[in-house]
Amino acid sequence: MVFDEMQALPDIATTLKFFKIDGRFDVICSGSLLGLHYHEIESNSVGYKTDVTMQSMDFEEFLWAKGYDTSFVDDMLVHMVDGRPFSALEHRLLLRLFLDYCVLGGMPAVVRTYIERDTFEGTLAVQRQLLLDYEEDIREVASGLDQGRILHVFRQIPAQLAKENKKFQISKVAKGARFKDYFGCIEWLADAGIVNICHALQTPELPLRGNYDAARYKLYYGDTGLLVASLDEEAQEDLRANGNLGVYKGALYENLVGEALVKSGYDLFYYKKENSTLEEDFFVRDRTSLVPVEVKATNNHAKSLATLVKSKRYEDIRYGIKLANANIGEADSIYTFPYYCAFLLRRYLKTR
């Protein structure tokens, strides 16, 4: 039994307890923006259901759609674990596939159009319609003044990601805008699954969730393909043809990695030391260590990453990961992987 578009009548969740007790039916409920509607439910059948957050396709699922099986991905992980670079042929193939994924993103309607037509023709129109649908959802679901504020925040994300430090500034959203008036709008977008919030750590140490400043954060699109589609119309074509987005390249790759980490089950955290150039893009962890992750638009030296790994001041950090336009490598406890391996980081860390 399937209840679709559950957001139209969220109190259906109350009945799930009784279906479970009855035991005769398997029940699936689906709907958009459910994270925003759960507060309306009088009784949410706690203990009698399993919640699953559906997201757009990650790079692994995109590879499946292209016809590559699980053994292809398993071999990528083996390369990472063994520290064995990909062959020139493998590397070129994966870079090409990943560039296609960067342009398309993982929204099923976009990927389906691409697969069925075997061309990018029509995909941008689908992406632009999805962006309009997001704005329509905001107008339909949000209330009062929040509608305009949420739209202002959503539309500001691409421009603010283009800044060098990429920290989201409420003051840039509207004249006189204040944090207390707008942070609820940011949480609304996050609950809706439209954006990912990356919180600023107070210090680079464990635990992560108990160690961040709620007033400092970056905002990323939940789907990087939609981020590219939100730019000027030529941006997608330039990225496909030349792998180039000029000054926006750093923002694109940060968004991609943040998206991959969230889809792997991580929360997002970064660090910026006050009055210093020390800054790290993301942090994850294994069983015992805090692991800084640096995203490089090229394959330049990762100065901040090297500082965090070498310094005795940061006791929880024993090694770091650099994601770059490069093949697999290791030097001075910094492990380098190509961007296209980002979705495998959690599985890689479990092997260490």
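The preceding data block contains the structure.
Residues numbered from 1 in each chain as written. Predicted model: local features only at pLDDT ≥ 70, side-chain atom pairs only at ≥ 80, totals over all residues. Heavy atoms only, no water.

**Some details on the overall build of the chain**
- When helices and strands are counted, the chain shows 14 helices and 11 strands.
- The C-alpha atoms of the chain give a radius of gyration of 21 Å, which matches the 20 Å a tight globule of 352 residues would have.
- Counting only C-alpha atoms and orienting by the principal axes, one finds that the chain spans roughly 55 × 50 × 45 Å.
- Here the chain, with 352 residues, has 48% of them falling under the buried criterion.
- For the chain, contacts bridging at least 24 residues in sequence account for 63% of all contacts bridging at least 6.
- A total of about 17,800 Å² of accessible surface is found on the chain, and carbon and sulfur atoms cover 49% of it.
- Side-chain charges of the chain comprise 42 positive and 51 negative groups, with the mean position of each set lying 7 Å from the other. (Helix = DSSP H or I, 4+ residues; strand = E, 2+ residues; numbered from the N terminus. Rg over C-alpha atoms; globule rule 2.2 N^0.38 Å. Buried < 20%, exposed > 50% of the residue type's maximum accessible area, 1.4 Å probe, protein only. Contact = heavy atoms within 4.5 Å. Areas by Shrake-Rupley, 256 points an atom, 1.4 Å probe, with all protein chains shown as cover. Lys, Arg positive; Asp, Glu negative; His and termini not counted. Charge placed at Lys NZ, Arg CZ, Asp CG, Glu CD.)

**Concerning the side chain of Asn-211**
- Residue placement: Asn-211 occurs in the loop between β3 (195-201) and β4 (212-221).
- Those residues within four positions of Asn-211 in sequence are excluded, and the remaining contacts are Ala-200, Leu-201, Gln-202, Thr-203 and Glu-205.

**Examining helix α9 (residues 179-191)**
- In this model, α9 (13 residues) spans 18 Å end to end at C-alpha, consistent with the 18 Å of a helix rising 1.5 Å per residue.
- Every buried residue of α9 is accounted for by Tyr-182, Phe-183, Cys-185, Ile-186, Trp-188 and Leu-189. (Expected span 1.5 Å × (residues − 1).)

**Here's the deal with the side chain of Lys-218**
- Here Lys-218 shows up in strand β4.
- You can call Lys-218 buried: its relative accessible area is 1%.
- Not counting chain neighbours up to four residues away, the residues in contact with Lys-218 comprise Asn-165, Lys-166, Lys-167, Phe-168, Asn-196, Ile-197, Cys-198, Glu-254, Tyr-270, Glu-279 and Asp-281.

**Some remarks on helix α7 (residues 123-141)**
- When the terminal C-alpha atoms of α7 are compared, their 27 Å separation across 19 residues agrees well with the 27 Å that a helix rising 1.5 Å per residue should span.
- Taken together, the buried positions of α7 are Thr-123, Leu-124, Gln-127, Leu-130, Leu-131, Tyr-134, Glu-135 and Ile-138. Relative to the axis of α7, the buried residues are bounded by an arc of 135 degrees and lie together on one face. Turned more than 90 degrees from where α7 packs its buried face, Ala-125, Leu-132 and Glu-140 sit exposed. (Arc of directions from axis to C-beta.)

**With respect to the environment of Val-110**
- Here Val-110 shows up in helix α6 (residues 108-117).
- Residues Val-110 and Leu-226, spaced 116 residues apart in sequence, show a C-alpha to C-alpha distance of 9.8 Å.
- Setting aside residues no more than four positions away along its own chain, Val-110 makes contact with Leu-104, Thr-123, Val-126, Gln-127 and Leu-130.

**Some details on the pattern of salt bridges**
- Enumeration over the complete set of coordinates arrives at 14 salt bridges.
- Glu-254 is the salt-bridge partner of Lys-166, the closest N and O atoms lying 3.8 Å from each other. With Lys-166 in the loop between α8 (146-161) and α9 and Glu-254 in helix α12 (residues 249-263), the pair connects residues that are 88 residues apart, well separated along the chain. Just as Lys-166 is buried, Glu-254 falls in that class too.
- As a salt-bridge pair, Glu-259 and Lys-263 come within 2.5 Å of each other at their nearest N and O atoms. Here Glu-259 and its partner Lys-263 are both found in helix α12, 4 residues apart, which amounts to about one turn of the helix. Taken as a pair, Glu-259 and Lys-263 share a single burial class, namely buried.
- In this structure, a network of salt bridges that share partners links the residues Lys-166, Lys-218, Glu-254 and Glu-279. (Salt bridge = Lys/Arg side-chain N within 4 Å of Asp/Glu carboxyl O.)

**Topic: the layout of surface pockets**
- Of the voids in this model, the second largest pocket is the one considered here, and its volume is about 590 Å³.
- For the second largest pocket, the lining is made up of 25 residues, of which Glu-279, Asp-281, Glu-294, Lys-296 and Ser-304 are closest to its centre. (1 Å grid on protein atoms, 1.4 Å probe; cavity = no way out; pocket = protein on both sides within 12 Å on 5 of 7 lines; lining within 4 Å. Points joined across faces, edges and corners; volume = space filled by probe spheres on them.)

**Remarks on a negative patch on the surface**
- On the surface, Asp-232, Glu-233, Glu-234 and Glu-237 cluster together to form a negatively charged patch.
- You can see Asp-232 is positioned in the loop between α10 (224-229) and α11 (233-242). (Patch = residues over 30% accessible without salt bridge, like charges linked within 9 Å, V, L, I, M, F, W, Y side chains within 5 Å.)

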